[in-house]
Amino acid sequence: MSRHDRVLASALDAIGDTPLVELTRLGRELDGRILAKLEYLNPGFSKKDRIARQIVEDAEADGRLRPGQTVVELTSGNTGTGLAIVCGIKGYPFVAVMSKGNSMERARMMRALGAEVVLVDQMPGSVPGQVSGQDLALVEEEAQRIVQARGAFRADQFRLAGNMRAHLLHTGPEILRQTGGRFDAFCDFVGTGGSFAGCAAAFKRHSPSIGCYVVEPAGAAALKGEAVTNPGHRIQGGGYSMATLPLIDPAHVDGYLTVSDADAVTWARRLAAEEGIFAGFSSGANVAAAVQLLRGAYRGKTVVAMMCDSGLKYLSTDLWE
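What counts as what
Residues numbered from 1 in each chain as written. Predicted model: local features only at pLDDT ≥ 70, side-chain atom pairs only at ≥ 80, totals over all residues. Heavy atoms only, no water. Helix = DSSP H or I, 4+ residues; strand = E, 2+ residues; numbered from the N terminus. Rg over C-alpha atoms; globule rule 2.2 N^0.38 Å. Buried < 20%, exposed > 50% of the residue type's maximum accessible area, 1.4 Å probe, protein only. Contact = heavy atoms within 4.5 Å. Areas by Shrake-Rupley, 256 points an atom, 1.4 Å probe, with all protein chains shown as cover. Lys, Arg positive; Asp, Glu negative; His and termini not counted. Charge placed at Lys NZ, Arg CZ, Asp CG, Glu CD. Core = buried A, V, L, I, M, F, W, Y, C linked by side-chain atoms within 4.5 Å. Axes fitted to C-alpha atoms, helices over the stretch in contact; angles between N-to-C directions. Parallel < 35°, antiparallel > 145°, perpendicular 65-115°, else oblique. Nonpolar A, V, L, I, M, F, W, Y, C, P; charged D, E, K, R; others polar. Salt bridge = Lys/Arg side-chain N within 4 Å of Asp/Glu carboxyl O. Pairing = 2+ DSSP bridges.

Visitor: With reference to specific residues and values, describe the overall build of the protein.
Guide: If you tally the helices and strands in the protein, you get eight helices and 10 strands. Here the C-alpha radius of gyration of the protein, 18 Å, is about what a compact globule of 321 residues would show, namely 20 Å. Here the C-alpha coordinates of the protein stretch approximately 55 × 55 × 40 Å along the principal axes. Counting over 321 residues, the protein shows a buried share of 59%. Taking the contacts inside the protein whose residues are at least 6 apart along the sequence as the reference set, 72% of them involve residues at least 24 apart. Within the structure as shown, the protein displays about 12,500 Å² of accessible surface, and the carbon and sulfur contribution to it stands at 51%. Counting 34 positive and 35 negative side-chain charges, the protein places the centres of these two groups 3 Å from one another.

See below:
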């Protein structure tokens, strides 16, 4: 029986099992197919609900998280939202530490879900809506300080295996089941790299021939090995100019794709207007990357792309005119 056919015990049971939709309207101009995984239909409106649940449950299972202990994590807003949901239901106080450069809808949503939200000033000269790796470093410093001061559990999404495991155990197998394992490539805009890492591992186990591509912002493609010239790009939630991400296995990376701010915005707007998929900057970036693949080596093939979060989280930005 599907979870959609029964009453669930809590919103935690509503995490995952998201739809996979073919972008037939956008696809009319392409030779090939794009399949979009609608992760914004999770309870917290992003794929990060999955990792929040997995990280907390892994820590409960091995004793790192004690009953009633405070949970702390830095966030661009999505992981924090997921952790606010999970911790609220399970009874853990949660502190989200976020840069003031991220959209304020996220802070308001986390507070509504019971989180304590600590906002950190950006570096001098940084632009609101454009969170750089330097901005994130300031958030990391504050998160570490709070963990020490409160004896908290750090739900470290950049390093804890639960991030990758959520997608290895669930998201990747869902996509394989939904497609019957018949697709040719996968592309994912990376922040922590967890969804790419977990899905790519699942896909390579199924068929090593499935191409797995990391998506980065143009001018901030540090993983690709390029010089960083645009650390303040507009694609929120990733592209932090980190040369390595601990969760990603380089053996699972078949290539690196870069997407401009303008292309991410254009495709996000087209997703909304033509496909009825109201998603954020990174989802637009993933479609732009999928289009690159279909216009190149994967012409006539099928590409899976993540729709990472909801466009509702960007109403205060210039994503929507």
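Visitor: For the nonpolar core, give the residues involved together with the corresponding values.
Guide: Counting 38 residues, the largest nonpolar core has Leu23, Ile34, Cys187, Ile277, Val287, Leu293 and Met307 as the members making the most contacts within it. Broken down by secondary-structure element, the contributors of at least two residues to this core are strand E2 (33-38), strand E7 (185-189), strand E8 (211-217), strand E9 (255-259), helix H7 (261-275), helix H8 (281-294) and strand E10 (302-307). Sort the elements by how many residues they give to this core and H8 lands first, with nine residues. Not counting chain neighbours up to four residues away, the residues in contact with Ile34 comprise Val21, Glu22, Leu23, Val287, Ala290, Val291, Leu294, Val303 and Ala305. With 37 residues, the next largest nonpolar core counts Ile146, Phe196, Ala200 and Val253 among its residues.

Visitor: How would you summarise the packing of helix H2 (residues 78-90) against helix H3 (residues 104-112) if you had to cite specific residues and measurements?
Guide: For the pair H2 and H3, interaxial distance at closest approach is 9 Å and the crossing angle is 10 degrees. As far as their axial angle goes, H3 and H2 are roughly parallel. Residues Asn78, Gly80, Thr81 and Ala84 of H2 form the contact with H3, whose own contacting residues are Arg106, Met109 and Met110. For the contact of H2 with H3, a count of residues per class yields three nonpolar, three polar and one charged.

Visitor: Requested: an account of the environment of Asp13, with residues and values cited.
Guide: Tracing the sequence through the fold places Asp13 in the segment before strand E1 (20-22). For Asp13, a relative accessible area of 32% corresponds to the partly exposed category. Between the C-alpha atoms of Asp13 and Leu160, which are 147 residues apart in sequence, the distance is 22 Å. Those residues in contact with Asp13 that lie beyond four places of it in its chain are Arg3 and Leu8.

Visitor: An account of the pattern of salt bridges is requested, with residue identities and associated values reported.
Guide: All told, the structure shown has 25 salt bridges when counted by the stated rule. Here Arg50 makes a salt bridge to Glu39, at a shortest N to O gap of 2.6 Å. With Arg50 in helix H1 (residues 48-62) and Glu39 in the loop between E2 and H1, this residue pair connects regions lying 11 residues apart in the sequence. We note that Arg50, like Glu39, is buried. Here Asp156 makes a salt bridge to Arg159, at a shortest N to O gap of 3.3 Å. You can call Arg159 exposed: its relative accessible area is 54%. Taken together, the shared-partner salt bridges connect Glu29, Arg270, Glu274 and Arg295 into one network.

Visitor: Can you tell me about the sheet that holds strand E6 (residues 153-154), naming the residues and giving the values?
Guide: The sheet built from four strands is open, its strands ordered E5-E4-E3-E6 with parallel pairing. Sheet topology places strand E5 (116-120) and E6 at the edges, where each strand pairs with a single neighbour. Pairing analysis gives five bridges linking strand E4 (residues 94-99) to E5, with the strands arranged parallel. Counted as the bridge partner of Met98 is Leu119 from E5. Against the sheet, H2 contacts strand E3 (71-74) and E4, and its axis sits at roughly 170 degrees relative to E4. Set on the sheet, H3 makes contact with E4 and E5; between it and E5 the angle comes to about 155 degrees.

Visitor: Requested: an account of the pairing of E2, with residues and values cited.
Guide: Of all six residues in E2, five are buried; the element is thus mostly enclosed. The sheet contact formed by E1 and E2 spans three bridges and is antiparallel. Note on E2: the bridge partner recorded for Glu22 is Leu35. The pairing of E2 with E10 spans six bridges and is parallel. Note that in E10 the partner of Arg33 across the bridge is Thr302.

No statement about biological role is implied by the geometric values presented.
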